[in-house]
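# Structural overview for review
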Amino acid sequence: MKIAVLALQGAFIEHEQMLQRLGADTFEVRQLADWQLPKDGLILPGGESTVQMRLLRLLGLLEPIRQAILDGLPVLATCAGMILLAEGRLGTMDIRVRRNAYGRQLGSFHATGTVEGVGSHVPMTFIRAPYIEDVVSDRCLPIATVDGHIVAARQGRQIATAFHPELDGDTRLHCLFLEQCHLCDSISGENDNL
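This report concerns the structure included in the present document. Because the structure is predicted, anything quoted here is derived from the model rather than measured.

### Regarding the layout of surface pockets
Looking at the largest pocket, its volume works out to about 200 Å³. Along the wall of the largest pocket there are 16 residues; nearest its centre are Gly47, Glu48, Cys79, Ile127 and Arg128. Residue composition of the lining of the largest pocket, grouped by class: seven nonpolar, six polar and three charged.

Next comes the structure, spelled out in structure tokens:
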């Protein structure tokens, strides 16, 4: 199994290490040629969503990635990655997101909670984190809340979290993502009509 990891900026190495621990091969996407390699899933990591959006546009990656997700490519998006999936950006997930909802770096915190489909006592590390203000269709299901705010959601083969599961030792969210990847055939740029 090959997982593409968007590596333009942000916390992508930790995702790669977690996936490799679980037996998945990873490769970094930094340009269009990388994106065209066969892949079974995609990681959109945390970082700075504005910078990532700008680079996706500049490098010609925005539309190919958007179309692949709409065509069913499994994706795990964390923090800034969740913002990328929201309305007004890639727009593949029916959510509205509040950026930096918990404040600046000093507002970072750790919690544990239940994630539907994953289990209880899931560690959640929030760093300048967003949360989901609104789920705008019944296709998208909230799967975790903290203090009354939606911090994870699932829509089709998309999983988005406001927290960073790659920074904790718990592998259950990445396992859920890899289970979704088994449900589809490997996708390559040539086969996506991108």
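### Notes on empty space enclosed by the protein
All chains considered together, the criterion is met by one cavity of 30 Å³ or more. In this structure, the largest cavity spans a volume of roughly 40 Å³. Val118, Val122, Pro123, Pro165, Asp170, Arg172 and Leu173 together form the lining of the largest cavity. Sorting the residues of the lining of the largest cavity by element identifies strand S7 (119–126) and helix H6 (172–182) as the ones contributing at least two each. When the residues that make up the lining of the largest cavity are grouped by side-chain class, the tally is five nonpolar, no polar and two charged.

### What to know about the pairing of strand S3 (residues 41–44)
Taking every second residue as pointing to the same face, both faces of S3 are buried, with Gly41 and Ile43 on one and Leu42 and Leu44 on the other. As defined by bridge partners, strand S1 (residues 2–6) adjoins S3 across three bridges and the pair is classed as parallel. Each residue of the ladder has a partner; that of valine 5, found in S3, is isoleucine 43. Here S3 runs beside strand S4 (residues 75–78); their pairing, made up of three bridges, is parallel. Bridge assignment links isoleucine 43 to a residue of S4, and that residue is leucine 76.

Each value, and the rule that gives it
- Residues numbered from 1 in each chain as written.
- Predicted model: local features only at pLDDT ≥ 70, side-chain atom pairs only at ≥ 80, totals over all residues.
- Heavy atoms only, no water.
- 1 Å grid on protein atoms, 1.4 Å probe; cavity = no way out; pocket = protein on both sides within 12 Å on 5 of 7 lines; lining within 4 Å.
- Points joined across faces, edges and corners; volume = space filled by probe spheres on them.
- Nonpolar A, V, L, I, M, F, W, Y, C, P; charged D, E, K, R; others polar.
- Helix = DSSP H or I, 4+ residues; strand = E, 2+ residues; numbered from the N terminus.
- Buried < 20%, exposed > 50% of the residue type's maximum accessible area, 1.4 Å probe, protein only.
- Pairing = 2+ DSSP bridges.

From the geometry alone we can't say anything about function, so treat these as descriptive.
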